[in-house]
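# Chains, contacts and geometry: an overview
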Amino acid sequence: MKEDTNFWQRLRRITIKDMMSWTVIPVLMIIVSVLVYNRLLLTIEPGSMEANMLGSYEIGFKRVGDAITEHLRLILVSTSLAIAVAVPAGILITRQGFRDFSGLILGVANVGQSVPSIAILAVFMGILGIGFKTAVFALWLYALLPIVRNTAIGIEEVDPNVIEAATGMGMTSRQILLQIELPLSFPVMFAGMRTAAVINVGTAALGAFIGAGGLGTFIIAGIPLMRDSLILVGAILTAIMAILVDFILGKIQDRLVVPTASA
Amino acid sequence: MIKFENVTKIYPGMSSPAVDNLSFTVPTGEICTIVGPSGCGKTTAMKLVNRLIDATDGAIHVLDERDEMSNVLEMDPIQLRRSIGYIIQQIGLFPHRTILENIGTVPQLLDWDEARIRHRAEELVTMMNMPVDFLERYPHELSGGQRQRIGVARGMATDPPVMLMDEPFGAIDPINRNILQNEFLRLQQEIKKTILFVTHDIDEAIKMGDKICILNVGGLLEQYDSPANILAYPANEFVEDFVGADRALKRLNLVRVEEVMNSRPPLLQATQDVKQAVGFMTEKKIRFAYVVDAAQTLKGYVRVKDLKGKTGWVEEYLEPAATSIQLTTNLKDALSEMLVVDYANVCVVDGQNRVRGLIDTKMIHESVIESNAVAEGEEV
Ligand SMILES: Nc1ncnc2c1ncn2[C@@H]1O[C@H](COP(=O)(O)OP(=O)(O)OP(=O)(O)O)[C@@H](O)[C@H]1O
Ligand SMILES: [Mg+2]
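Nothing here was measured: the structure is a model prediction, and the numbers come from that model.

Okay, the pattern of salt bridges next. All names here are of chain B. Under the criterion given, the structure shown has 20 salt bridges over all chains. A salt bridge links Arg 149 to Glu 183, with the nearest nitrogen and oxygen atoms 3.2 Å apart. Of this pair, Arg 149 sits in helix H6 (residues 144-155) while Glu 183 is found in helix H7 (residues 174-191), placing the two residues 34 residues apart along the sequence. The same class applies to Arg 149 and to Glu 183, which are both buried. The salt bridge involving Arg 256 is made with Glu 259; its shortest N-O contact spans 3.9 Å.

Laid out in structure tokens, this is it:
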């Protein structure tokens, strides 16, 4: 009975507007990408200076594909590593004994966040050398704050009455964390991961400066040659990727909403 | 049984206690209401029992599963809390869990199997007058009153002998609160739990409590006694003020209709001859009489002036009765009902609508005068 009503309610809720919101952005992005590819990239002559700047192999579909893969790899690796560290850290600063310091820790992290990414890259290039690892490290550093912050906020926002009821019924603090606090704070936590990933898409474009590849490669090749088309390829594709990552994660986030009407 | 022995709680950094040298005993199977002005330490006192707060001094003993009194401070807090029902005003249902999972919280902690949890949850929602398919819902899909009921059901899930209830009906409108109070009192007659019931409402304290514990600011015990005694002999001015100037009227809450009614009222049978009925009423000097059938079920009433000079059967002249009162109704509700329908006397019926007696305003009046006389007589 209940399944039924839910099913129909859900079906009815999928309106034309919904279908548009799910498809318009991706379709638009694909169209722009194709335009960029045809108008900007294909105008580069093989064997020309621009082509050489971009690397030894041919300009074209494969080069763009490689850059996208490199870019995604940077984001995926750095964001996953950030999640692995930031979630436990976020949990930790909400525990008794650390609560008093959580403001301080978040403050320091906030200051860290405001250091320009290019400076971070430059500093760590000296320590870690150039290449993928340094880029991942810098991106990882940037992704930490939003995830730590949202994890802590998500947990702190859990209705204290719910926690009190759980404690009063004899749940251990571990059970409360795993069964109550984490599930209830996950949507907020996830929003932090989404922010981190989207920021990283943009920041990763700088990775090319230290030889980590990615979509920034086009920009870097375009600047000395003063070839706007190359710079545009890099910039537009990066923007498209940021929009798409945000869009997809946003759709997932919508699914995560917990019934929060005060209970 | 719950026993407080010289219990004091001073919060860290506070100079004065929140609960001050508190001693009282709640007998097994009784409800003790803790009442007092805001901030007087009611919640603190209650939380000392399941050790959400630990006492600074003194001891609290509860009757454990082996029927022995044990000091809560010597018990493992987690085990202790699982063995005591806990219900709070804000309910604190888990919004991400279904009603079934919510009710099943403590059973699940105690490793009950799924079938047993479901069976118990079904039993409880039925007990709370709710359909079983509510179990599949989420808390936000219920009304405030329904959530409150689920909160109570969750606290009773493992049938704990001792329960702590902090303003359990505080967050709902007066009408629903009244319904929930009555439901709970009826339930308590069967389940006979030992309950600490915190409220700031003296009327609720009087209605729900077998004993009332009146606290003053600073966690001082002003009086611990039965509602009747507190209303009749307030220990001091504070209690007198707290229970209110209308304490004589409040005592009407404590007396049930069946205690003062006329249990052998003059009744007519529906199949009686009219002439005979008129004779009966003249003899009894009454102007009207209630009419029942062979099974004593209330059918209505007849007036003597309608029957005079008529022939036939009583049932031909029946007028429907506008109201009837249940045996367990208290005098205050009975009186208010009588004022509403403007009847001098009203039929008292049992659950099957069988007439068991008659009550009029005079009987209520006499009961008030009587208890006043007792109270004053004792005081002198
Ligand atoms: N964690 C705490 N730390 C310090 N003081 C507290 C703490 N909790 C309560 N108090 C103080 O102890 C006193 C008693 O508080 P408590 O919550 O027991 O009152 P209450 O009778 O339940 O009040 P209310 O009717 O408003 O719920 C109050 O003065 C309150 O400010
Ligand atoms: Mg309180």
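Partitioning chain B into domains gives domain 1 (2-244) and domain 2 (258-367). Computed from C-alpha coordinates alone, the two centres of domain 1 of chain B and domain 2 of chain B are separated by 41 Å.

Buried residues of helix H8 (residues 160-168) of chain A: Val 162, Glu 164, Ala 165, Ala 166 and Gly 168 of chain A, and no others. Next to the buried residues of H8 of chain A lie helix H9 (173-204) of chain A together with helix H1 (42-49), helix H2 (77-82), strand S6 (84-88) and H6 of chain B. Two to three positions downstream of the cap, the backbone nitrogen of Asn 161 of chain A sits 2.9 Å from a side-chain oxygen, assigning the N-cap of H8 of chain A to Asp 159 of chain A. Looking one or two residues beyond H8 of chain A, the residue adopting positive phi is Gly 170 of chain A, at roughly 95°.

In this section: the pairing of strand S13 (residues 298-303) of chain B. All names here are of chain B. Taken together, the five bridges between strand S12 (residues 288-292) and S13 define a ladder with antiparallel strand orientation. Looking across to S13, one finds that Ala 289 is bridged to Val 302. The hairpin formed by S12 and S13 contains five residues between the paired strands, and Gln 296 there has a positive phi angle of roughly 70°.

Turning our eyes to something else, we now look at the packing of helix H5 (residues 99-113) of chain A against helix H7 (residues 132-156) of chain A. Residues and elements named next belong to chain A. Interhelical geometry of H5 versus H7 gives an angle of 150° and a closest axis separation of 10 Å. With respect to their mutual orientation, H5 and H7 come out roughly antiparallel. The chirality of how H5 crosses H7 is left-handed. Contacts between H5 and H7 involve Arg 99, Ser 102, Leu 106, Ala 109, Asn 110 and Gln 113 from the first element and Tyr 142, Leu 145, Pro 146, Val 148, Arg 149 and Glu 156 from the second. Looking at side-chain class alone, the contact of H5 with H7 contains six nonpolar, three polar and three charged residues.

Residue and element names in this part refer to chain B. Despite not being glycine, Asn 6 has its phi angle at roughly 45°, a positive value. On the accessibility criterion, Asn 6 (44% relative accessible area) is partly exposed. Positive phi is not limited to glycine here, since Asn 353 has a value of about 65°. Take Asn 353: it is sitting in the loop between strand S15 (345-349) and strand S16 (355-360).

Residues and elements named next belong to chain A. Split by domain assignment, chain A resolves into domain 1 (1-43) and domain 2 (62-262). Listed per partner, the contact involves twelve residues of domain 1 and 15 residues of domain 2. Across the domain 1/domain 2 interface, buried area totals approximately 1,100 Å², and carbon plus sulfur atoms make up 83% of it. On the surface where domain 1 and domain 2 come into contact, there are zero salt bridges. Taken together, the links from domain 1 to domain 2 amount to zero residue pairs in polar contact (both at pLDDT 80 or more).

Reading the values: rules and limits
- Residues numbered from 1 in each chain as written.
- Chains lettered and ligands numbered in written order.
- Predicted model: local features only at pLDDT ≥ 70, side-chain atom pairs only at ≥ 80, totals over all residues.
- Heavy atoms only, no water.
- Salt bridge = Lys/Arg side-chain N within 4 Å of Asp/Glu carboxyl O.
- Helix = DSSP H or I, 4+ residues; strand = E, 2+ residues; numbered from the N terminus.
- Buried < 20%, exposed > 50% of the residue type's maximum accessible area, 1.4 Å probe, protein only.
- Domains from an automatic or database assignment.
- Contact = heavy atoms within 4.5 Å.
- Polar contact = N/O pair within 3.5 Å; in protein donor to acceptor, adjacent residues only side chain to side chain.
- Pairing = 2+ DSSP bridges.
- Axes fitted to C-alpha atoms, helices over the stretch in contact; angles between N-to-C directions.
- Parallel < 35°, antiparallel > 145°, perpendicular 65-115°, else oblique.
- Left-handed = near helix turned anticlockwise from the far one by under 90°.
- Nonpolar A, V, L, I, M, F, W, Y, C, P; charged D, E, K, R; others polar.
- Buried area = accessible area lost by both parts, 1.4 Å probe.

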